[in-house]
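If you want the building blocks of each chain, they are given just below.
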Amino acid sequence: MFSSMSKLFSPKSVAVIGASERAGNLGGRLVTALKKGGYQGEIYAVHPTAREVFGVPAFPRIRDIGRTVDFAALSVPDSQLLNAFGEAIEAGVKGFQIPNRGYDEERKSLTYIPDTLREMGLAAGVAVCGHNCMGFMNVRDSVRMTHNPPPGLDLTPGGVCIISHSGSSWSGITGSQRDLALEIAVSAGAEVVSGFPEYIEYFLSLPTTRVIGLVFETIRRPEEFLAAVGHAFQKGIPVVLLALGSTDIGAKFTEAHSGGLSSPRQVLDAIGRKYGVIVTKTLDELLDCIEAFRTERIPTALGAGVISDSGGERQLIADVSSWTNLKLAAYEDKTNERLTEILEDDVVIGNPLDSMGDAPMANSGIAISKDPSVGAVVIGNNLVDGRQFMIDVSNSTTKIHENTEKPVFIFGNISTSVSRPGARNLRMKGIPVLMGTESACYAIGSFLAWHEKRRKLAETAEKTAGETRHTKVLPRLPDGFTQGKSYALLAECRLPMAPILESGNLQDTLKNAQTLGYPVVLKTANANIAHKSDVGGVVLGIRGEEELTRHYMEVAERCGPQVSLQPALSADYELIVGMHRDPRFGPIITLGLGGVFTEILRDSVNLLPPVAYEEFEESLEALRAAPVLRGARGQKGISLPDLYDVVLKISELAIQNPRITGIDLNPIMVRHGKLNIVDALITV
């Protein structure tokens, strides 16, 4: 694979099939882009009559060139694609670019040509960029294989690799004013042969790769994609992604509550949590996260020490950090005392810090960098072009950078105010320059969290070296399983199920109540009713026989005679643990606040099985209810090992029983930290 990929991205010779000097001809534009971009290899044009095209030799057919060419760009009409592709494969070409959409006019089909290209390409073992793409750029090797190259040709390679489904986003990224240090940027198009997994693995094989950015509309081969991004994390190469139109990878709604909870963003967050991927919401956020990894320095702590030159913007940064994942370090007394010595008496010492101008900024930053809770020093300044203050702040930032081994960042609170020459000067020194308060805070927080996750991974690997993962063998789904058997199957899994007795008439229901003892909860046991409370099929706190008789008759009339009784349990709060089977990623576990407000409050997280304990713990911190789980206002915190056991068993039950499409444990009543599952549903 890598052999063909190297012929794709670093070819020694290129044939542009269909190139001409006709105005607007894509092949001609490719030839021009290659020449102007400084490509050092051989360039050939394939044209039925021309002797040369824009100064490069032309031949009627690719086999007439007289030598094996590494790469071919197919700039021919859709109707000629298959023949051109086949001839190039026969001539020994290993790398291709196909910009066309591949429409078969005769068959009125958008799939016939791409499907045939795929079959031919896979059989030949070639690498293909496209179809329906803008091409790619390999900056280091000066291969600008695109008919739409960025106007500036002063790009400097620096290990940033980009893959984008969106041609417009690819064009914007490669043509941005950020000086991103691009290495290779690919417009992947429809991934007719080569796709995200192959591109990622190839980038990981390059010694120059520092960070990989992904812009995708769909994940076509999820298992291979997850393996590739997991490999990147293991190798220490960060992957930053942005999903466009991500409903395509969102969860399929199922009858279980937890299926309805899972949003595309939550599924992406689950991928990020498991595979160390940084998930972003906008292109600017994506680029700031990529920029953050310009520095090769490794933070020693999770907190950031922030300095501003403005009291107002100090407040802004404090506000924004509260809803991004930037954790502000709590300085030790020694640091605060040193800052008091440096700054004027009326300055309020804190984090963020207002340095009251550039003069004390350097000394303040150096003092902050020595605090053990600080993983990175961050300067918030707008770097306005043409002002002496921009130069002074840049010098102070440089001085901080020179006096610490910790990462140092600077960002503008207004993205359009940042001086490009000023930013470029700092970037050349290894100082990332970020654009905008919110995207910068998110990027720096993600940078620190990614390194913290890597550190924990190393610790876990050291502790568990030589250990094997032991799975719990759980019951298999019996033939003829129905939803009404959900509770019994889950009890067989040794989950903390509350006692339950079922009956089909009033007399047996009254006997069951005597066995359980009042007060009791009455529920319909109609297997065709998934959400009992929605149809009046649940009655709480029944305290006697007369009351039970009346409510039984009402529920039986609405829902049928089959009912269940449980003891009426009180709860400090309620949780939900569930699973739905995503059509792309398989089982997705949902964990969050439960009860009747499950869909209303939507405080939940998603996890991809198998779920490690560290991953489970990390996911809880994403819940707004996390302080409640830990214990708040004198209440006892939940037993995390007990809750993890529920999550683990639901995960394994889903893995071992592929027929299960959804599991819903809701509500799980929590009282004094103990769990009681009082309702459950399994769908197949």
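These numbers were taken from a predicted model, which means no experiment stands behind them.

## Brief notes about the overall build of the protein chain
For step 1, the next point in the chain: A tally of regular secondary structure across the protein chain gives 23 helices and 29 strands.
For step 2, the next point in the chain: When the backbone C-alpha atoms are referred to their principal axes, the protein chain occupies close to 100 × 80 × 45 Å.
For step 3, the next point in the chain: Put simply, 71% of the contacts in the protein chain that link residues at least 6 apart link residues at least 24 apart.
For step 4, the next point in the chain: Between the mean site of the 68 positive side-chain charges and the mean site of the 78 negative ones, the protein chain shows a separation of 3 Å.

## With respect to unusual backbone geometry
For step 1, the next point in the chain: For the peptide bond that leads from Asn351 to Pro352, omega is 10°, which places it in the cis range.
For step 2, the next point in the chain: Notably, Glu191 is not glycine yet its phi reads approximately 50°, a positive angle.
For step 3, the next point in the chain: The topology assignment puts Glu191 in the loop between strand 11 (182–187) and helix 6 (196–205).
For step 4, the next point in the chain: Phi at Leu383 is positive, roughly 45°, even though this residue is not glycine.
For step 5, the next point in the chain: By secondary structure assignment, the location of Leu383 is in the loop between strand 17 (374–380) and helix 14 (388–402).

## Quick notes on the sheet that holds strand 22 (residues 538–542)
For step 1, the next point in the chain: The four strands are arranged 20-23-21-22 in an open sheet whose pairing can be described as antiparallel. One side of each edge strand has no neighbouring strand; the edge strands of this open sheet are strand 20 (501–503) and strand 22. Strand after strand, the sheet turns through a mean of 20° between neighbouring axes, direction not considered.
For step 2, the next point in the chain: Of the strand pairs in this sheet, strand 21 (residues 520–524) and strand 23 (residues 563–567) are connected by five bridges, and their pairing is antiparallel. Counted as the bridge partner of Leu522 is Leu565 from strand 23.

## Considerations on the sheet that holds strand 1 (residues 13–17)
For step 1, the next point in the chain: Across the sheet, seven strands lie side by side as 3-4-2-1-5-6-7; this open sheet has mixed pairing. The two strands at the open ends of the sheet, each matched to only one other strand, are strand 3 (52–53) and strand 7 (127–130).
For step 2, the next point in the chain: In this structure, strand 1 lies alongside strand 2 (residues 42–46), joined through five bridges in parallel fashion. The residue of strand 2 that forms the bridge with Val16 is Ala45.

## Description of helix 19 (residues 545–559)
For step 1, the next point in the chain: With 15 residues, helix 19 extends 20 Å from end C-alpha to end C-alpha; this agrees with the ideal 21 Å at 1.5 Å per step.
For step 2, the next point in the chain: Of the surrounding elements, those touching the buried residues of helix 19 are helix 18 (506–516), strand 21, strand 22 and strand 23.
For step 3, the next point in the chain: Positive phi shows up at Gly560, right after helix 19, with a value of about 110°.

## Examining the pairing of strand 8 (residues 135–138)
For step 1, the next point in the chain: In strand 8, alternate side chains face the same way, and those of Gly135 and Met137 on one face and Phe136 and Asn138 on the other are all buried.
For step 2, the next point in the chain: Alignment of strand 8 against strand 11, held across four bridges, turns out to be antiparallel. Paired with Phe136 across the bridge in strand 11 is Val186.
For step 3, the next point in the chain: Bridge analysis of strand 8 against strand 9 (residues 143–145) gives three bridges, and the strand direction is antiparallel.

## Quick notes on the environment of Ile431
For step 1, the next point in the chain: Relative to the assigned elements, Ile431 resides in the loop between helix 15 (420–427) and strand 19 (433–435).
For step 2, the next point in the chain: Ile431 gets classed as buried once you look at its relative accessible area, which sits at 0%.
For step 3, the next point in the chain: Sequence separation between Ile431 and Pro60 is 371 residues; the distance between their C-alpha atoms is 52 Å.
For step 4, the next point in the chain: Not counting the four nearest positions on each side in its chain, Ile431 is found in contact with Glu291, Arg294, Thr397, Thr398, His401, Val408, Ile410 and Leu426.

## Focus: the nonpolar core
For step 1, the next point in the chain: In this structure, Phe9, Tyr199, Phe203 and Leu214 are the most contacted members of the largest nonpolar core, which totals 56 residues.
For step 2, the next point in the chain: Broken down by element, this core gets its largest block of residues, six residues, from helix 6.

## Observations concerning helix 9 (residues 264–275)
For step 1, the next point in the chain: Here helix 9 contains 12 residues, and its C-alpha end-to-end distance of 16 Å stays within 8% of the 16 Å for a straight helix at 1.5 Å per residue.
For step 2, the next point in the chain: Looking only at helix 9, the buried set comprises Pro264, Gln266, Val267, Leu268, Ala270, Ile271, Gly272 and Arg273.
For step 3, the next point in the chain: Directly beyond the C-terminal end of helix 9, a positive phi value near 70° is found at Gly276.

## Some thoughts on the pattern of salt bridges
For step 1, the next point in the chain: Scanning all chains against the criterion turns up 25 salt bridges.
For step 2, the next point in the chain: Glu183 is the salt-bridge partner of Arg140, the closest N and O atoms lying 2.3 Å from each other. Highlighted residues: Arg140 in the loop between strand 8 and strand 9 and Glu183 in strand 11, separated in sequence by 43 residues.
For step 3, the next point in the chain: Judged by its relative accessible area of 41%, Arg140 falls in the partly exposed class.
For step 4, the next point in the chain: Take Glu183: its relative accessible area is 3%, and that puts it in the buried class.
For step 5, the next point in the chain: For Arg220, the salt bridge identified is with Glu191, shortest N-O distance 2.4 Å. Linking Arg220 in the loop between strand 12 (211–216) and helix 7 (222–235) with Glu191 in the loop between strand 11 and helix 6, this pair joins segments that are 29 residues apart in sequence.

## Some words on the confidence of the model for the protein chain
In regions of low pLDDT, the predicted coordinates are not meant to be interpreted in detail.
For step 1, the next point in the chain: Looking at the protein chain as a whole, the pLDDT averages 89, with 93% of positions reaching at least 70.
For step 2, the next point in the chain: Contacts for the low-pLDDT stretch residues 247–262, under 50 throughout, to residues beyond four places or in other chains number 61 contacts.

## Description of the side chain of Arg427
For step 1, the next point in the chain: With respect to the helices, strands and loops of the structure, Arg427 is situated in helix 15.
For step 2, the next point in the chain: Setting aside its immediate chain neighbours within four residues, Arg427 contacts Arg178, Asp179, Glu291, Arg294, Val433 and Met435.

## Brief notes about the environment of Ser169
For step 1, the next point in the chain: Along the chain, Ser169 turns up in helix 5 (residues 167–174).
For step 2, the next point in the chain: With 47 residues separating them along the chain, Ser169 and Phe216 place their C-alpha atoms 10.0 Å apart.
For step 3, the next point in the chain: Not counting the four nearest positions on each side in its chain, Ser169 is found in contact with Ser164, Val215, Leu244 and Leu283.

## Some words on the pairing of strand 28 (residues 674–677)
For step 1, the next point in the chain: Here strand 28 shows a clear split, with Leu675 and Ile677 buried on one side and none of Lys674 and Asn676 buried on the other.
For step 2, the next point in the chain: Linking strand 27 (residues 662–671) back to strand 28 in an antiparallel pair, the connection comprises two residues, with His672 at a positive phi of about 55°.

## A closer look at the packing of aromatic side chains
The geometry of an aromatic ring pair is captured by the separation of the ring centres together with the interplanar angle, meaning the angle of the planes.
For step 1, the next point in the chain: Inspection of the entire model under this criterion finds 17 aromatic pairs.
For step 2, the next point in the chain: Considering the side-chain rings of Phe9 and Phe136, the 5.1 Å spacing of their centres and the 80° angle between planes classify their relative orientation as edge-to-face. You can see Phe9 sitting in helix 1 (residues 2–9) and its partner Phe136 sitting in strand 8, a full 127 residues away along the chain. For the residue pair Phe9 and Phe136, the accessibility class agrees, reading buried in each case.
For step 3, the next point in the chain: With a centroid separation of 5.4 Å and 85° between ring planes, the pair formed by Phe293 and Trp450 is classed as edge-to-face. In this pair, Phe293 sits in the loop between helix 10 (283–292) and strand 15 (303–308) while Trp450 sits in helix 16 (residues 437–463), placing the two residues 157 residues apart along the sequence.
For step 4, the next point in the chain: The structure contains a cluster of three or more aromatic residues connected by ring pairs, namely Phe9, Phe71, Phe136, Tyr199, Tyr202 and Phe203.
For step 5, the next point in the chain: Against the face of Tyr112 rests Arg107, its NZ or CZ located 3.7 Å from the ring centre.
For step 6, the next point in the chain: In this structure, Lys281 packs its charged tip against the face of Tyr442, placed 4.8 Å from the ring centre.

About the thresholds
Residues numbered from 1 in each chain as written. Predicted model: local features only at pLDDT ≥ 70, side-chain atom pairs only at ≥ 80, totals over all residues. Heavy atoms only, no water. Helix = DSSP H or I, 4+ residues; strand = E, 2+ residues; numbered from the N terminus. Contact = heavy atoms within 4.5 Å. Lys, Arg positive; Asp, Glu negative; His and termini not counted. Charge placed at Lys NZ, Arg CZ, Asp CG, Glu CD. Pairing = 2+ DSSP bridges. Axes fitted to C-alpha atoms, helices over the stretch in contact; angles between N-to-C directions. Expected span 1.5 Å × (residues − 1). Buried < 20%, exposed > 50% of the residue type's maximum accessible area, 1.4 Å probe, protein only. Core = buried A, V, L, I, M, F, W, Y, C linked by side-chain atoms within 4.5 Å. Salt bridge = Lys/Arg side-chain N within 4 Å of Asp/Glu carboxyl O. pLDDT = per-residue confidence, 0-100. Phe/Tyr/Trp six-rings, centres within 6.5 Å; stacked < 30°, edge-to-face > 60°. Lys NZ or Arg CZ within 6 Å of the ring centre and 35° of its normal.

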